[in-house]
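Residues per chain are reported as follows:
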Amino acid sequence: MTGLAPQAAAAPDGSGGSGERASDGRLSAVVRYTEYGIPHILAGDYAGLGFGTGWAQAADQVCVLADGFATVRGERSRWFGPDAAPDGSLSSAATNLSSDLYFRGVQDSGTVERLLAAPAPAGPSSQVRELMRGWAAGWNAWLRQNRITDPACKDAGWVGPVTELDVARRGFAISVLGGQGRAVDGITAARPPGPTAAPPSAGDTPPGDLAAAAEAAREFFDTGRYDRGSNAVAFSGATSATGSGLLLGNPHYPWQGGRRFWQSQQTIPGEIDVSGGSLLGTTAVNIGFNDRVAWSHTVATGTPVALHQLTLDPADPTAYVVDGTAERMTARTVTVPGPAGSAPVTRTQWWTRYGPVLTSLGPGLPLPWTTTTAYALGDPNAQNLRGTDTALALGKARSVAGIQQALAHTQGLPWVNTVAADAAGGTLFTQSQVLPRITDELAATCSTPLGRATYPASGLAVLDGSRSACAPGSDPDAVQPGVFGPARTPTLRDAPYAENSNDSAWLANADRPLTGYERVWGTVGTPRSLRTRGAVEDVAALAARGRLTVADLQEQQFAHRVPAGDLAAADAARACAALPGGTAVAADGSVVDVSAACPVLAGWDRRADTGSRGALLFDRFWRRLTATTPVKDLWRVPFSAADPVRTPRDLNTSAPGVARALADTVVELRTAGIPLDAPLGEHQFVVRGGQRLPIGGGTEALGVWNKIEAPWNPAGGGYPQVTHGSSHIQAVGWDGSRCPVARTLLTYGQSADPASPHSADQTRLFSQERWVRARYCERDILTSPGLRVVVVRRGAARG
């Protein structure tokens, strides 16, 4: 059916592009597959578009998606056992039981149903409702029409039909990933103190504990520690060869599990035509491009939650006082079914006007529930089901001004920034995320002693819950109460470049720093990560050079410059060569001959290419050194806010950790049988189909743009499995024609089924630093070698 006319494919049910609701019996779409299994989905309305998208996602990712639906239904304990751990894609729950207790609580409370019922723009639009309805029907149709062959869920009882509500619940889980989703264990473990509990000691929290709490909060909200991240840069027309803008998006996400991207093009003629990546289980393109504009997202530094310290009723630890009046907490009793033959588990969760009571925010920040005090979590994204409307609006935008207008109207992004470029040469950086409206003034007035420690360190406010005046305020242009409106958003328009690598908005452009925003958005005048410093150096140099093309973006993606190496490798090599007798003392007290490491460090090319000799040696050395040496002791020149990209610098070679890290690294590599000058790719790789694929790039600690994180396994050969890093990469520009110039890579491939030809084909490209030429326009799609066309309907698919 490769000769199918695009006009016929555009509206297979004859409904045109109006977006009107089609009856269930008429749901259909045309899915045209081009190279690497990338589907181009055409439909006549939003229900049909969702139908084709759900069908095609099921075809590629049925087991991973079904696992996620078991999560949001609170059925993990039943199918996988209560003590096993989820994959972390939809919450931070440590066990299946904790996950189930949380998601059953969401289900029992009717939270998602209330959000669905809210009229737009506070709730989802009718178009999004149709997308979700169609997606569920498409998934169900694929299950009816196909036999599952993926061994991960073949014949599994936990794979089955879904509803529109299941799809919405998955969207809710993604919305609260940065808030309630990160506090699941603390929410589900919260228990009021018993009647015989001893009262807490008199006095405030000791200063030492407050300092520890501040550091724990800083680490908890440190975007460099997330299993999400990203780089993105937009270049203006003034820097490009064509006068049009350019965008390079490089999100860093897990390579396994349910928090992966999936590629597609979604088209309703005359309504929307967008290509890019979607998080699994979502119904729209999350990052991508159309014929006029391209955008990507990066995980933002805004702190998406606040804590409310409750003053409890002395007679009842499940009642709290607000403005002198006691209010009872709401008890939500949740029952989770266990495996066959086991008894269900019933627990009670406790909710307040501010949100759920919790007893910790990560392992380092305990929040004990005593007879006098408890803590509630305020998460405004628990009232946000607008993310898909935001994605749709971005896909329809015609310029960076349109991107900004879409974000202001929908206000649906929970935890990311947006970087965009357009065909007219415009650029945009904006931190348009949903944040609690915590002003510095409110924090100063209403912070408890704990909050006075955590807010400056991390943006986490701990507010006095006994005063209603201490609740977050509202902005008149905000879609929902208690959040900042778009007028308060840190935003940079039409700079020569706009870049973000998960630091705050401050240095989106080093020549035009953004300031004046509240601490909850992020910091100003503080040290940047090595990845940010390296990225700003690189993109500023590219912008100054000018005449840029998409090819320059592709080169930046795989430049593999190691900023840590540029800063420290030469000093480390000199320090190594100066060691008396060429020896150093290891952590265990043994004396180690490290002389062979010195010329390797000196001769290393300061890159993380697969052929770079010395990259692995420096990587292992640098991780050890930075893990044991405080930043203040690591550098001779300290950080200066007046020179934030170039400081701190100059390795302090007199620090005792330098020689020790050299000795320990040499011992480690020799014990593993790895030569000190081994090429990186021989020991940083993945195995696909029995073939070892060398992987270039480097870790967060090294500051490499092409971020790659892999667990160290010397018995397995070094770094034998990438767990996190570059994912859906896109380099987009325009050359004056009707079609965008776009190159993409989905590093782990479209399919999770190891038998699929698309489970590793793009991983091979990534290993070889090759790209996919995006087929956006009709002529490009229809001339694709091996074009495969499938017409999908509720009854059957044909192709």
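In case you missed it, the structure is sitting above this.
The structure reproduced in this document is the subject of the present report. (Residues numbered from 1 in each chain as written. Predicted model: local features only at pLDDT ≥ 70, side-chain atom pairs only at ≥ 80, totals over all residues. Heavy atoms only, no water.)

Structural notes on the packing of aromatic side chains
One pass over the full model with this rule turns up 19 aromatic pairs. Taken together, a centroid distance of 5.1 Å and an interplanar angle of 70 degrees make the contact between F80 and W158 edge-to-face. Separated by 78 residues along the polypeptide, F80 in helix α3 (residues 76-80) and W158 in the loop between α6 (126-145) and α7 (164-175) bring together distant segments of the chain. Assessed through its relative accessible area of 17%, W158 is described here as buried. Centroid distance F618 to W622: 5.5 Å. Interplanar angle 15 degrees. Geometry classified as stacked. With F618 and W622 both in helix α18 (residues 615-628), this residue pair falls four residues apart, about one helical turn. Among the aromatic residues, ring-to-ring pairing joins W255, F558, Y748, F766 and W771 into one connected group. Sitting above the plane of the W712 ring, R620 keeps its charged end 4.1 Å from the centroid. (Phe/Tyr/Trp six-rings, centres within 6.5 Å; stacked < 30°, edge-to-face > 60°. Helix = DSSP H or I, 4+ residues; strand = E, 2+ residues; numbered from the N terminus. Buried < 20%, exposed > 50% of the residue type's maximum accessible area, 1.4 Å probe, protein only. Lys NZ or Arg CZ within 6 Å of the ring centre and 35° of its normal.)

Topic: the state of the cysteines
What the rule picks out here adds up to four disulfides. Covalently, C63 is tied to C153 through a disulfide, its sulfur atoms 2.0 Å apart. Around the S-S axis, the bridge from C63 to C153 shows a dihedral of about -75 degrees and counts as left-handed. With C63 in helix α2 (residues 46-72) and C153 in the loop between α6 and α7, this pair connects stretches of sequence that are 90 residues apart. Residue C63 shares its accessibility class with C153, and that shared class is buried. Note that C446 is cross-linked by a disulfide to C470, the S-S spacing being 2.1 Å. (Disulfide = S-S within 2.5 Å.)

Some points on the pairing of strand β9 (residues 306-313)
Every other side chain in a regular strand lies on the same face of the sheet, so the side chains alternate between the two faces. A large share of β9 lies buried, amounting to six of its eight residues. For β9 and strand β15 (residues 373-378), the ladder comprises six bridges, and the chain directions are antiparallel. Across the sheet, the residue bridging to T311 is T373, located in β15. Pairing geometry for β9 and strand β18 (residues 462-464), over three bridges, is parallel. Pairing of H308 across the sheet is with L463, part of β18. Of the pairings in the sheet, the one linking β9 to strand β10 (residues 316-322) comprises two bridges and is antiparallel in character. Across the sheet, residue L312 finds its bridge partner in β10, namely Y320. (Pairing = 2+ DSSP bridges.)

Some words on the packing of α6 against α7
Put simply, α6 and α7 touch, their axes get as near as 8 Å, and they point 115 degrees apart. One finds that α6 runs roughly perpendicular with respect to α7. By crossing handedness, the relation of α6 to α7 is classed as right-handed. Contacts between α6 and α7 involve R129, M132, R133, W135 and A136 from the former and E164, V167 and A168 from the latter. Residues belonging to the contact of α6 with α7 are distributed by class as follows: five nonpolar, no polar and three charged. (Axes fitted to C-alpha atoms, helices over the stretch in contact; angles between N-to-C directions. Parallel < 35°, antiparallel > 145°, perpendicular 65-115°, else oblique. Left-handed = near helix turned anticlockwise from the far one by under 90°. Contact = heavy atoms within 4.5 Å. Nonpolar A, V, L, I, M, F, W, Y, C, P; charged D, E, K, R; others polar.)

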